[in-house]
Amino acid sequence: MIPHQVTLVDVGPRDGLQNEKQQVDAAHKVELIHLLQAAGLREIEVTSFVSPKWVPQMSDNAQVMAGIARRVGVRYSVLTPNMQGFEAALPLKPDEIVVFGAASEAFSQRNINCSIEQSVERFRPVVAAAHAHGIKARAAISCALGCPYQGEVSPDEVERVVVLMKAIGVDHCGVADTIGVGTPKRAQAAMERALKHYPLAEVSGHFHDTYGQALANIYACLEMGLSHFDASIAGLGGCPYAKGATGNVATEDVLFMLNGLGIETGIDIERLVDAAAFISEVLGRKPVSRSGNALLAKRGAAT
Ligand code: HMG
Ligand code: MG
């Protein structure tokens, strides 16, 4: 079942930089996106159109979107939790919008200030408007493998949200382990529920690496035939509403594993490491990525 080709979505500019205490200049965000596309990334989650009071780090959303020298064949996505966000994003021509719900009620309240059902009602017109403008609509389902407030989250709870997302016409379903507590069998159990309602090509995994399980979870998903994963350059990230959650699995680590498995991604690992080195220098710290750091050390040893 393991696919020959995998698509990686780099969510670092959004999921990564939304969690930084220091404000990163829009120009640096744009440069990071340019380095990611130069490395061969074909899907990049650029920013989010959310309340600047809730997430000030993303308040430069329009500036970042407008600053990108777009490449043909690259899909630029943005998060839009409501019509206000969608209307702000639309003039900037995203290729894909992301509505983000949760499998746990408690997380839905803390993250987007409403219940799961209310959130889906808010997403309904967003998805319809996106489609009316020829824009793809993806959903992220947070806390699919565990919640910082509720604790355990069952596959039934995941499936309930998948069904709601499907009913409002969402095209692609992203299953997210927001706090990185999932382990391979649990990841597979959640994915199985998504796959009851979406085809393989329209289900993806988004694994935070808080407990070091993300690569194992991705491998478990590969065994099911999944070929679409989010990852974050230099392992940046977390969620401001999931305290202690660290970044997504580093794109460099996922790529190193996929290269070793002989799976095509179209991404050049050395150029990816350049992107990781760039953003890490901007942030003044080392990448979290094991492979990224190993490759950087090798470069250092060679010079
Ligand atoms: P709310 O306060 O319930 O919204 O926030 P409201 O409609 O009552 O509006 C209140 C104020 O927010 C008003 O401003 C609105 O104009 C403004 P005021 O009159 O007070 O000055 N507002 C907005 N401003 C800009 N853009 C908007 C927008 N909407 C309202 N779109 C809302 C609801 C969803 C906006 C808020 O809760 C919010 O922004 N939350 C932030 C959520 C967030 O960004 N979380 C992190 C991303 S999700 C994530 O990281 C998980 C993921 O990676 C997957 C995983 O790992 O699980 C995707
Ligand atoms: Mg996330």
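Our structure is the block above this text.
Residue positions are counted from 1 within each chain, in the order its sequence is given. The naming scheme follows written order: chains are lettered A onward, ligands numbered 1 onward. Local features in this predicted model are restricted to residues whose pLDDT is 70 or higher, and side-chain atom pairs enter the listing and the counts only when it is 80 or higher, whereas totals over whole chains, interfaces and linings include all residues. Values shown for side chains rest on all heavy atoms present in the structure; no hydrogens or waters enter the calculation.

Re the pairing of strand S5 (residues 136-142)
Test applied: Under the scheme applied here, a residue whose accessible area is under 20% of the maximum for its type counts as buried, over 50% as exposed, and between as partly exposed, the area being computed with a 1.4 Å probe on protein chains only. Helix and strand assignments follow DSSP, with helices taken as H or I runs no shorter than four residues and strands as E runs no shorter than two, numbered in order from the N terminus. DSSP calls a pair of strands paired once it identifies at least 2 bridges connecting them.
Among the 7 residues in S5, 7 count as buried, and that is most of the element. Alignment of strand S4 (residues 96-102) against S5, held across 7 bridges, turns out to be parallel. Across the sheet, residue Ile-97 finds its bridge partner in S5, namely Ala-137. Relative to strand S6 (residues 172-177), S5 is paired through 4 bridges, and the arrangement is parallel. When the bridges of S6 are listed, Ala-139 appears paired with Cys-173.

Comments concerning the site of ligand 1
Test applied: Proximity is defined per residue: if any heavy atom of the residue lies within 4 Å of a molecule or strand, that residue is considered near it. In protein, a polar contact requires one atom able to donate a hydrogen and another able to accept it; more generally it is a pair of N or O atoms within 3.5 Å, and residues adjacent in sequence count only if both atoms are side-chain atoms. The Shrake-Rupley method, run with a 1.4 Å probe sphere, supplies the accessible areas, and residue values consider only the shown protein chains as cover. With a 1 Å grid laid over protein atoms only, a set of points is called a cavity when a 1.4 Å probe fits there but cannot get out and a pocket when it is open yet has protein on both sides within 12 Å along at least five of seven lines; lining residues have an atom within 4 Å of a point. Cavities and pockets are treated as containing a molecule whenever more than half of the molecule's atoms lie within 2 Å of their grid points.
In the vicinity of ligand 1 there are 26 residues, among which Arg-14, Asn-82, Asn-113, Ser-142 and Thr-178 approach most closely. In this structure, Asp-15 approaches ligand 1 through a side-chain N or O atom, which is 3.0 Å from an oxygen atom. Between ligand 1 and Phe-49, the relevant distance is 2.9 Å, taken from a nitrogen atom to a main-chain nitrogen or oxygen of the residue. Coverage of ligand 1 by the protein amounts to 75% of the 1,100 Å² it exposes when considered alone. One can see that ligand 1 is located within the largest pocket.

Some remarks on the pattern of salt bridges
Opposite charge on two side chains allows them to pair when their charged atoms are near. Rules: Salt bridge, as used here: a side-chain nitrogen of Lys or Arg that lies within 4 Å of a carboxyl oxygen of Asp or Glu.
Under the definition given, this model contains 19 salt bridges. For Lys-29, the salt bridge goes to Asp-60, with nearest N and O atoms at 2.9 Å. Taken together, the residues Lys-29 in helix H2 (residues 26-39) and Asp-60 in the loop between strand S2 (43-48) and helix H3 (61-67) connect sequence positions 31 residues apart. Comparing Lys-29 with Asp-60, the two get one shared label, buried. Where Arg-124 meets Glu-121, a salt bridge forms, and the shortest distance between an N and an O atom there is 3.0 Å. Taken together, the residues Arg-124 and Glu-121, both in helix H6 (residues 116-132) and 3 residues apart, mark about one turn of the helix.

Observations concerning the coordination of the magnesium ion (ligand 2)
Note the following rule: Ligating atoms shown are N, O and S within 2.8 Å of the metal, or 3.2 Å for Na, K and Ca, and water is not included, meaning a site may look less than complete.
Distances from the magnesium ion (ligand 2) to its protein donors, namely Asp-15 (OD), His-206 (NE2) and His-208 (NE2), fall within the range 2.1 to 2.3 Å. Sequence spacing among the residues donating to the magnesium ion (ligand 2) works out to D-x190-H-x1-H. The same class applies to His-206 as to His-208, namely buried.

Some remarks on the side chain of Ser-280
Keep this limit in mind: Working rule for contacts: check all heavy atoms of both residues, and any pair within 4.5 Å makes them a contact.
Within the secondary structure, Ser-280 sits in helix H11 (residues 269-283). For Ser-280, the residues in contact, after removing those within four places along its chain, are Ala-234, Arg-285, Lys-286 and Pro-287.

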